Amino acid sequence: MAHSAFWQDSATANKVVQKLKALKTVSEPWHKHQKKIKETEEFFHLSAEEGEDFLSHLNVDLDKLTEELGNLEFYAFFGGEFDKNNAILSINAGAGGTEACDWVSMLLRMYTRWAQIHDYGVSVTDILPGEEAGIKNVTAIIKGPYAYGYLRPEAGVHRLVRISPFDANKRRHTSFASVDVIPEVEGDIEIEIKPEELRIDVFRAGGKGGQHVNTTDSAVRITHLPSGLVAQCQNERSQHQNKQVALNILKSRLYEIRHREQEEKVSAENAKKQKIEWGSQIRSYVLHPYNLVKDHRTDHETGDASGVLDGKIDKFIEAYLRKIKTKT
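Residues numbered from 1 in each chain as written. Predicted model: local features only at pLDDT ≥ 70, side-chain atom pairs only at ≥ 80, totals over all residues. Heavy atoms only, no water.

Chemist: Just checking my understanding: could you explain the sheet that holds strand S1 (residues 87-93) for this structure?
Modeler: The eight strands are arranged S2-S3-S1-S5-S4-S9-S10-S11 in an open sheet whose pairing can be described as mixed. The open sheet has two edge strands, strand S2 (121-129) and strand S11 (301-302), and neither has a second partner. Strand direction decides the pairing type here: S1 and strand S5 (residues 172-183), joined by seven bridges, are antiparallel. In the strand pairing of S5, Asn-92 is matched with Ser-178. In the packing of helix H3 (residues 98-117) onto the sheet, contacts are made with S1, S2, strand S3 (135-143), strand S4 (156-163), S5 and strand S9 (281-286), and the angle to S5 comes to roughly 45°. The strands touched by helix H6 (residues 239-261) within the sheet are S1, S2, S3 and S5, with S5 carrying the most contacts at an inclination of about 90°. (Pairing = 2+ DSSP bridges. Helix = DSSP H or I, 4+ residues; strand = E, 2+ residues; numbered from the N terminus. Contact = heavy atoms within 4.5 Å. Axes fitted to C-alpha atoms, helices over the stretch in contact; angles between N-to-C directions.)

Shown next as structure tokens:
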């Protein structure tokens, strides 16, 4: 980066900056805590002269340091090729009608709050509102170091049980939504897409936006004809920008499929893709008659359902990653 010509190629320079940021995310906390451990050791040798109060404060600091080091252990779980990348998050309504669409909007808010807690960016690239309320499906890019590594355990079916705000009789309803998470892979991947394999449609962007967004055919939908995969984007300022984002999402999805096909276990898992309905959920969120969020893969649970829906999902992610790490 100190080279005089470094910023002449801004695209390459930005990739290097992002790589440096990802490396610092891992290395700097370890250096910081290594220094803290050394300081704590030095203070411990002084504790005999300072008395019990000093030792008591030192124990509090040590407990905090132990907890922080436990959190840093998280990074040991991120050994995948693309774990350090941004994440492309897709949420789709399943069984439950309007309830399911509202559940999608709740999940989008949960992941947005989680991203804000981690100082990550969120860019919604495509959204389809429900007919009455909520969202039928939405795609967003979560931008930050190790976003994909964190969020990949969230892929699967999520189940909500609550008293419906749309039911005048206040009956209990069960809704389902599926979450899909893939890494955002950029120009450095080897994947060939021939122009004749693509169908590109432009249309008028919907939803909230400025005058330019709503009055021009700036939204772009790209269909990969051989696979049937579709990617679209409508939230950027120009048709060109929307096309680039949609093409990048399509490339990421194609690469993920081909990558999985090389792994027999994941391929077999993909072949028996679960339906978005009863019995296939990875996690249940019960808001009535009691509050409980439970992950059915790890049995990790909490009664703080409102906290979870406000983005506090790290304990669920950690429990799953620890279980997978133990198996391997």
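Chemist: Looking at this structure, I do not really get the sheet that holds strand S7 (residues 219-224). What am I missing?
Modeler: Strand pairing in a sheet relies on backbone hydrogen bonds. The paired strands run either parallel or antiparallel. Pairing within the open sheet is antiparallel, and its three strands lie in the order S6-S7-S8. In this open sheet, the two edge strands, each paired with only one partner strand, are strand S6 (198-203) and strand S8 (229-233). Taking the axes of each pair of neighbouring strands and ignoring which way they run, one obtains an average angle of 15° across the sheet. The strands touched by H6 are S6, S7 and S8; relative to S8, the strand with the most contacts, the crossing angle is about 150°.

Chemist: What is the right way to read a nonpolar patch on the surface from this model?
Modeler: A contiguous nonpolar patch, built from Met-1, Trp-7 and Val-16 and spanning about 320 Å² of accessible area, is present on the exposed surface. Looking at where Met-1 falls in the secondary structure, it is placed in the segment before helix H1 (10-50). (Patch = residues over 30% accessible without salt bridge, like charges linked within 9 Å, V, L, I, M, F, W, Y side chains within 5 Å. Areas by Shrake-Rupley, 256 points an atom, 1.4 Å probe, with all protein chains shown as cover. Salt bridge = Lys/Arg side-chain N within 4 Å of Asp/Glu carboxyl O.)

Chemist: Looking at this model, I keep getting lost on the pairing of S1. Mind explaining?
Modeler: Looking along a regular strand, one sees the side chains alternate between the two faces of the sheet. For S1, the buried fraction is high: five of the seven residues fall into the buried class. Bridging between S1 and S3 involves six bridges; their strand directions are antiparallel. By the bridge assignment for S3, Leu-89 is matched with Ala-140. (Buried < 20%, exposed > 50% of the residue type's maximum accessible area, 1.4 Å probe, protein only.)

Chemist: Looking at this structure, how should I read the side chain of Glu-99?
Modeler: As for its position among the elements, Glu-99 is in helix H3. Once residues lying within four places of it in the same chain are set aside, the contact partners of Glu-99 are Arg-162, Ser-164, Pro-165, Phe-166, His-173 and Ser-175.

Chemist: Would you mind going over the confidence of the model for the chain with me for this structure?
Modeler: Note that predicted coordinates carrying low pLDDT should not be read in detail. For the chain, the average pLDDT comes to 86, and 89% of its residues sit at 70 or higher. Of the regions scoring below 50 in pLDDT, residues 208-215 engages in 11 contacts with residues more than four places distant in sequence or in other chains. (pLDDT = per-residue confidence, 0-100.)

Chemist: Explain the nonpolar core to me, please; I cannot follow it from the model alone.
Modeler: Considering soluble globular proteins, one finds that nonpolar side chains tend to be buried as a cluster. Ranked by size, the top nonpolar core spans 57 residues in total, and within it Ile-91, Leu-107, Tyr-111, Trp-114, Ile-142 and Tyr-285 carry the most contacts. With nine residues, H3 is the largest single contributor of residues to this core. Sequence-distant contacts of Trp-114, defined by excluding residues within four places in its chain, comprise Tyr-120, Ile-142, Tyr-150, Leu-151, Gly-311, Ile-313, Asp-314 and Ile-317. (Core = buried A, V, L, I, M, F, W, Y, C linked by side-chain atoms within 4.5 Å.)

Chemist: It is not clear to me how the packing of H1 against helix H2 (residues 52-72) should be interpreted in this structure. Could you clarify?
Modeler: Each packed pair of helices is defined by two parameters, the angle between the axes and the distance between the axes. One can describe the packing of H1 onto H2 by two numbers: an axis separation of 10 Å at closest approach and a directional angle of 160°. Put simply, H1 runs roughly antiparallel to H2. By crossing handedness, the relation of H1 to H2 is classed as left-handed. When H1 is examined against H2, the residues Pro-29, Trp-30, His-33, Lys-36, Ile-37, Thr-40, Phe-43, Phe-44, Ser-47 and Glu-50 are found in contact with a partner set consisting of Glu-52, Phe-54, Leu-55, Leu-58, Leu-62, Leu-65, Glu-68, Leu-69 and Leu-72. Among the residues forming the contact of H1 with H2, the class breakdown is 12 nonpolar, three polar and four charged. (Parallel < 35°, antiparallel > 145°, perpendicular 65-115°, else oblique. Left-handed = near helix turned anticlockwise from the far one by under 90°. Nonpolar A, V, L, I, M, F, W, Y, C, P; charged D, E, K, R; others polar.)

Chemist: What should I look at first to understand the pattern of salt bridges in this one?
Modeler: Here the idea is simple: oppositely charged side chains can pair when their charged atoms come close. This structure, assessed with the given rule, holds 14 salt bridges. A salt bridge links Asp-310 to Arg-113; the nearest nitrogen and oxygen atoms lie 3.1 Å apart. With Asp-310 in the loop between helix H8 (305-309) and helix H9 (314-327) and Arg-113 in helix H3, the pair connects residues that are 197 residues apart, well separated along the chain. Exposure remark for Arg-113: the relative accessible area of 25% places this residue in the partly exposed category. Measuring nitrogen to oxygen at the nearest pair gives 2.8 Å for the salt bridge that ties Glu-318 to Arg-322. With a gap of four residues between them, Glu-318 and Arg-322 both fall in helix H9, about one helical turn apart. With a relative accessible area of 16%, Glu-318 lands in the buried category. Here Arg-322 falls in the partly exposed class, since its relative accessible area comes to 29%.

Chemist: Please explain H3 as it appears in this structure.
Modeler: Side chains of residues three or four places apart in an α-helix project in the same direction, reflecting 3.6 residues per turn. An ideal rise of 1.5 Å per residue puts 28 Å on 20 residues; H3 measures up with 29 Å between its terminal C-alpha atoms. Two residues or fewer after H3 comes Asp-119, characterised by a positive phi angle close to 60°. (Expected span 1.5 Å × (residues − 1).)

Chemist: Teacher, can you tell me more about unusual backbone geometry here?
Modeler: With the exception of glycine, most residues fall at negative phi, and the peptide bonds are largely trans. Residue Pro-289 is bonded to the preceding His-288 through a cis peptide linkage, with omega at 10°. Turning to its location among the elements, Pro-289 is positioned in the loop between S9 and strand S10 (292-295). With a phi close to 55°, Lys-170 is a non-glycine residue in the positive phi region. With respect to the secondary-structure elements, Lys-170 resides in the loop between S4 and S5. Non-glycine residue Asp-299 carries a positive phi angle of around 70°. As for its placement among the helices and strands, Asp-299 is situated in the loop between S10 and S11. For Asp-299, a relative accessible area of 52% corresponds to the exposed category.

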